[in-house]
Amino acid sequence: MRLLIVEDEKRLALSLAKGLTAEGFAVDVVHDGLEGLHRASEGPYDLIVLDIMLPGMNGYRVCAALRAAGDDVPILMLTAKDGEYDEAEGLDTGADDYLTKPFSYVVLVARVKALLRRRGSGRAAPVIEVGGLRVDTAARRVLRGEDEVVLAAKEFAVLEHLALHAGEVVSKADILEHVWDFAYDGDPNIVEVYISALRRKLGPGLIRTMRGAGYCLEGR
């Protein structure tokens, strides 16, 4: 899943991005409200972590603009302020949750996962069954028959994206965009490395290479 962090405290933003990336998310970071609104409007994000006190445009206005445009992406607001009025204002503009600084990183991750589960429950089953696999997107577990297949965070993210598009051809560029982040400029062949790792763990035949087009997780 792909997250956007809009936070002007660069050390905090990069720390959050590093931690959430380790959890298996693709994370983009911007430090300005206007840039955050632009990026959120352009890219398909699963959740936005949005600070309130931002240069260019504050978080309230960013949130209100996204909701006015019909964007229902979950928004977790961050603020150094503390008080019922601030929380009410954030929720009134369309935010889904609110976290006051300083906060526990563990609490932030729990809130992020809860919002994603809530969103997922409204649009797709949390467990995807495909090709003899059960991919539990909430618990981030994979079962083949009765046996659990242990995957690293990025391996699971690649498999999850393929499972969400089972039977379809998914390009390497699409996997990079959704599993890694917007600014990734490393070797695009990293996708092949993870596909090979998944084939070793899941067995041959499940993930087909469509020459020149991408990969397909077989649904039968």
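Worth saying up front: this structure is predicted, and the values here are computed from it rather than measured. (Residues numbered from 1 in each chain as written. Predicted model: local features only at pLDDT ≥ 70, side-chain atom pairs only at ≥ 80, totals over all residues. Heavy atoms only, no water.)

S.K.: Would you take a moment to explain unusual backbone geometry for this structure?
M.R.: Across the chain, the bulk of peptide bonds are trans and the bulk of non-glycine residues have phi less than zero. Here the residue pair Lys101 and Pro102 is connected by a cis peptide bond, since its omega of -10° sits within 30 degrees of zero. Note that Pro102 resides in the loop between strand S5 (97-100) and helix H5 (105-123). (Helix = DSSP H or I, 4+ residues; strand = E, 2+ residues; numbered from the N terminus.)

S.K.: Explain helix H8 (residues 190-202) here, please?
M.R.: Working note: α-helix, 3.6 residues per turn, so residues spaced by three or four point in the same direction. For H8, built from 13 residues, the straight-helix expectation of 18 Å at 1.5 Å per residue is met to within 8% by its first-to-last C-alpha distance of 18 Å. Of all the residues in H8, the buried ones are Val191, Ile195, Ala197, Leu198 and Leu202. All buried residues of H8 lie within an arc of 160° about the axis, which places them on one face of the element. Phi turns positive, to about 100°, at Gly203, one or two residues after H8. (Expected span 1.5 Å × (residues − 1). Buried < 20%, exposed > 50% of the residue type's maximum accessible area, 1.4 Å probe, protein only. Arc of directions from axis to C-beta.)

S.K.: Would you mind showing me how to read the sheet that holds strand S8 (residues 141-144) here?
M.R.: Across a sheet, paired strands are connected by hydrogen bonds in the backbone, their directions being either parallel or antiparallel. The 4 strands are arranged S6-S7-S8-S9 in an open sheet whose pairing can be described as antiparallel. Of all strands in the sheet, those bounded by a partner on one side alone are strand S6 (127-130) and strand S9 (147-149). Between one strand axis and the next, the sheet turns through 25° on average, direction left out of account. Two strands pair when backbone bridges link them, and S6 and strand S7 (residues 133-136) are joined in this way by 4 bridges, in the antiparallel orientation. In the sheet register, Val130 faces S7, and the bridge partner there is Leu133. Sitting on the sheet, helix H6 (residues 153-164) is in contact with S6, S7 and S8, with an inclination near 110° to S7. (Pairing = 2+ DSSP bridges. Axes fitted to C-alpha atoms, helices over the stretch in contact; angles between N-to-C directions. Contact = heavy atoms within 4.5 Å.)

S.K.: Where do I start with the pairing of S8 in this structure?
M.R.: Each regular strand shows side chains that alternate between the opposite faces of the sheet. Across 4 bridges, the pairing between S7 and S8 is antiparallel. Paired with Val135 across the strands is Val142, a residue of S8. Bridging between S8 and S9 involves 3 bridges; their strand directions are antiparallel. The residue bridging Leu143 from the neighbouring strand is Glu148, located in S9. Taking the residues between adjacent antiparallel strands as the criterion, S8 and S9 are bridged by 2 residues, where Gly145 takes a positive phi near 70°.

S.K.: Got a minute to help me understand the sheet that holds strand S4 (residues 75-79) in this structure?
M.R.: Reading across from one edge, S2-S1-S3-S4-S5 is the order of the 5 strands in this open sheet, with parallel pairing throughout. Edge positions in the sheet fall to strand S2 (26-30) and S5, since each of these pairs with one other strand and no more. When the angles between neighbouring strand axes are averaged without regard to direction, this sheet yields 20°. Against the sheet, helix H2 (residues 33-42) contacts strand S1 (2-6), S2 and strand S3 (47-51), and its axis sits at roughly 165° relative to S1. Sheet strands touched by helix H3 (residues 59-68): S3 and S4. Its angle to S4, the strand with the most contacts, is close to 170°.

Bear in mind that shape data such as this cannot, by itself, settle questions of function.
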